[in-house]
Amino acid sequence: MSSKTIFMPDDVHAYLVGHAVRETAVQRRLRAATRRIPGAGMQIAPEQGALMQILVRLLGAKRYLEIGTFTGYSALCVALAMPPGGRLTCCDVSEEWTSMARRYWRKAGVASKIRLRLAPALETLDALLGERHAGRYDLAFIDADKENYLNYFERCMQLVRRGGLIAIDNTLWSGRVVDRRRQDVDTRAIRAFNLRLRRDPRIHVALVPIGDGLTLAYKR
């Protein structure tokens, strides 16, 4: 969890955001509002949002699936980069935080692109598969409970098209992945997830040291 790239000095991060991130006024206001609430570190870094916008444009993505929406910054970034016909499906369980997301999506004029499904994500993903959405998404983003990362990933592998991309957040976990003293459930789950993806022949994979670590899995 990190609202800035881990291990990056504050002055370098300020330079990065000031020179390479093009945020709208609504994006900046949403980040500022999120900083004032508990759990603010769950929001992705602005430089990561900019990267996701580039990925949307490179893929020509028109359908996006998000697991873990929080206050809506990542979805806002993607929605702004998508063409008018783009559609986003966002999965979360918090009415409180996603109500904030909805307000800013409306302010940005992208709310009509976004379908928010409030339910446990595995239920939503299984429902999407039951509704015959397999292979229909161009890009998926996983940023939710770490114990279920493998379960989310396997559903996304069915829902994302060939040549599509699955992005997974927090895969460096503030460096705890290399600290063998850390044996909590989340850290162990991320270690297992990273190892599993490294050996998965169905994908091409890269772990990008941005934010808290962003793994990109290209579906072959």
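Everything here concerns the structure above.
Conventions adopted
- Residues numbered from 1 in each chain as written.
- Predicted model: local features only at pLDDT ≥ 70, side-chain atom pairs only at ≥ 80, totals over all residues.
- Heavy atoms only, no water.
- 1 Å grid on protein atoms, 1.4 Å probe; cavity = no way out; pocket = protein on both sides within 12 Å on 5 of 7 lines; lining within 4 Å.
- Points joined across faces, edges and corners; volume = space filled by probe spheres on them.
- Helix = DSSP H or I, 4+ residues; strand = E, 2+ residues; numbered from the N terminus.
- Nonpolar A, V, L, I, M, F, W, Y, C, P; charged D, E, K, R; others polar.
- Salt bridge = Lys/Arg side-chain N within 4 Å of Asp/Glu carboxyl O.
- Buried < 20%, exposed > 50% of the residue type's maximum accessible area, 1.4 Å probe, protein only.
- Pairing = 2+ DSSP bridges.
- Axes fitted to C-alpha atoms, helices over the stretch in contact; angles between N-to-C directions.
- Lys, Arg positive; Asp, Glu negative; His and termini not counted.
- Contact = heavy atoms within 4.5 Å.
- Core = buried A, V, L, I, M, F, W, Y, C linked by side-chain atoms within 4.5 Å.
- Disulfide = S-S within 2.5 Å.
- Phe/Tyr/Trp six-rings, centres within 6.5 Å; stacked < 30°, edge-to-face > 60°.
- Lys NZ or Arg CZ within 6 Å of the ring centre and 35° of its normal.

**Section: the layout of surface pockets**
Link 1 in the chain: As a volume, the largest pocket reaches approximately 400 Å³.
Link 2 in the chain: If you go around the largest pocket, you meet 26 residues; those closest to its centre are Gly-68, Thr-69, Asp-92, Asp-143 and Ala-144.
Link 3 in the chain: Of all elements in the fold, only helix 4 (73-81) and strand 2 (87-92) reach the threshold of two or more residues within the lining of the largest pocket.
Link 4 in the chain: Residue composition of the lining of the largest pocket, by class: 14 nonpolar, eight polar and four charged.

**Notes on the pattern of salt bridges**
Link 1 in the chain: A full pass over the atoms with the stated rule returns eleven salt bridges.
Link 2 in the chain: The salt bridge partner of Asp-143 is Lys-146, with a shortest N-O separation of 3.7 Å. Like Lys-146, Asp-143 is buried.
Link 3 in the chain: One salt bridge in this structure joins Arg-182 and Asp-184, with 3.7 Å as the shortest N-O distance.
Link 4 in the chain: Taken together, the shared-partner salt bridges in this structure form one network comprising Glu-154, Arg-196, Asp-200 and Arg-202.

**Comments concerning the sheet that holds strand 2**
Link 1 in the chain: With mixed pairing, the seven strands of this open sheet are ordered in space as 3-2-1-4-5-7-6. Among the strands making up the open sheet, the edge pair consists of strand 3 (114-118) and strand 6 (203-208). Between one strand axis and the next, the sheet turns through 15° on average, direction left out of account.

**Comments concerning the side chain of Lys-219**
Link 1 in the chain: By secondary structure assignment, the location of Lys-219 is in strand 7 (residues 214-219).
Link 2 in the chain: One buried charged residue, Lys-219, forms no salt bridge at all, with the nearest opposite charge on Glu-154 at 9.4 Å.
Link 3 in the chain: Those residues within four positions of Lys-219 in sequence are excluded, and the remaining contacts are Met-157, Gln-158, Val-160, Arg-161, Arg-162, Gly-163, Gly-164, Arg-202 and Ile-203.

**Structural notes on the nonpolar core**
Link 1 in the chain: Counting 36 residues, the largest nonpolar core has Tyr-64, Leu-88 and Trp-105 as its most contacted members.
Link 2 in the chain: Listed in part, the 23 residues of the second largest apolar core include Leu-65, Ile-67, Ile-142 and Cys-156.

**Thoughts on the state of the cysteines**
Link 1 in the chain: All chains considered together, the criterion is met by zero disulfides.
Link 2 in the chain: Cys-90 carries a free sulfur, and the closest cysteine sulfur to it, the one in Cys-91, is 7.4 Å from it.
Link 3 in the chain: Note on Cys-91: relative accessible area 1%, which makes it buried.

**Points about the packing of aromatic side chains**
Link 1 in the chain: Summed over all chains, the structure comprises three aromatic pairs.
Link 2 in the chain: Taken together, a centroid distance of 5.9 Å and an interplanar angle of 70° make the contact between Phe-70 and Trp-97 edge-to-face. You can see Phe-70 sitting in the loop between strand 1 (63-67) and helix 4 and its partner Trp-97 sitting in helix 5 (residues 95-108), a full 27 residues away along the chain. Taken as a pair, Phe-70 and Trp-97 share a single burial class, namely buried.
Link 3 in the chain: Their ring planes at 80° and their centres at 5.9 Å tell us that Phe-153 and Phe-193 sit as a pair that is edge-to-face. Linking Phe-153 in helix 7 (residues 149-159) with Phe-193 in helix 8 (residues 185-198), this pair joins segments that are 40 residues apart in sequence.
Link 4 in the chain: We classify Phe-153 as buried; its relative accessible area is 0%.
Link 5 in the chain: In this structure an aromatic cluster arises from ring pairing among Tyr-149, Phe-153 and Phe-193.
Link 6 in the chain: Looking at Arg-63, its charged tip hangs above the ring of Tyr-137, at a distance of 4.7 Å from the centre.
Link 7 in the chain: The lysine or arginine in question, Lys-107, covers the ring of Tyr-104, its NZ or CZ lying 5.7 Å from the ring centre.

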